Amino acid sequence: EPVGAAVVAGHSVCCSEHPIQGGGYARELALVQKKWVASFETVTGAEAIAWARRLAREEGIFGGFSAGANVAVAARLLEGEMKGGTIVTMICDSGLKYLSTDLWE
């Protein structure tokens, strides 16, 4: 979830202005069964943007803000407690609808 908008993790919203479209809904999500979630992670808008750009540049994966956020957290976990492990994440859309945003300046 975006830093400052991690409601699903049980935090109050203190910063609803973040660029991560598709994340940080600022409300509980009825379909999330927390008993199956190992941890809740947060990511900054800057991290999401940096990783989305890196995905495009290095891997040829043209995703959006949430793709960058997902991979940013996966990379962080693989550098720490999950080092040597495997993480699966989703790239839910293309970067086409973000061409008019600051993601691709």
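Notes on the structure in this doc start here. On a predicted model such as this, the values are computed, not experimentally measured, just so you know.

## A word on the overall build of the chain
In terms of helices and strands, the chain carries two helices and zero strands. Taking 13 Å as the expected radius of gyration for a compact globule of 105 residues, we find that the chain reaches 14 Å, a close match to that expectation. With respect to the principal axes defined by its C-alpha atoms, the chain has extents near 35 × 35 × 20 Å. Across the 105 residues that make up the chain, the buried fraction comes to 30%. Long-range pairs, those at least 24 residues apart, make up 56% of the contacts in the chain between residues at least 6 apart in sequence. When the accessible surface of the chain is summed, it comes to about 6,800 Å², and 55% of that surface belongs to carbon and sulfur atoms. Taking the 9 positively charged and 12 negatively charged side chains of the chain as two groups, their mean positions are separated by 4 Å.

## Topic: the packing of aromatic side chains
Taken as a whole, this structure holds two aromatic pairs when the rule is applied. Here the aromatic rings of Phe62 and Trp104 are separated by 5.1 Å at their centres, their planes lie at 45 degrees, and the arrangement is tilted. Within this pair, whereas Phe62 is found in the loop between helix H1 (45–59) and helix H2 (65–79), its partner Trp104 is found in the segment after H2, the two being separated by 42 residues in sequence. Ring geometry for Phe65 versus Tyr98: centroids 5.4 Å apart, planes at 90 degrees, classification edge-to-face. One end of the pair, Phe65, is in helix H2; the other, Tyr98, is in the segment after H2, with 33 residues separating them in the sequence.

## Some thoughts on the nonpolar core
Judged by nonpolar contacts, Ile20, Val43, Ala48, Ala69, Ala72, Val73 and Leu77 together constitute the single largest core of seven residues. The leading source of residues in this core is H2, at four residues. Sequence-distant contacts of Ala48, defined by excluding residues within four places in its chain, comprise Ile20, Val43, Phe65, Gly68 and Ala69.

## Some remarks on the side chain of Ser66
Looking at where Ser66 falls in the secondary structure, it is placed in helix H2. With residues near it in sequence (within four places) discarded, Ser66 still touches Ile20 and Gln21.

Quick notes on the rules
Residues numbered from 1 in each chain as written. Predicted model: local features only at pLDDT ≥ 70, side-chain atom pairs only at ≥ 80, totals over all residues. Heavy atoms only, no water. Helix = DSSP H or I, 4+ residues; strand = E, 2+ residues; numbered from the N terminus. Rg over C-alpha atoms; globule rule 2.2 N^0.38 Å. Buried < 20%, exposed > 50% of the residue type's maximum accessible area, 1.4 Å probe, protein only. Contact = heavy atoms within 4.5 Å. Areas by Shrake-Rupley, 256 points an atom, 1.4 Å probe, with all protein chains shown as cover. Lys, Arg positive; Asp, Glu negative; His and termini not counted. Charge placed at Lys NZ, Arg CZ, Asp CG, Glu CD. Phe/Tyr/Trp six-rings, centres within 6.5 Å; stacked < 30°, edge-to-face > 60°. Core = buried A, V, L, I, M, F, W, Y, C linked by side-chain atoms within 4.5 Å.

Function cannot be inferred from these measures alone, as they are strictly geometric.
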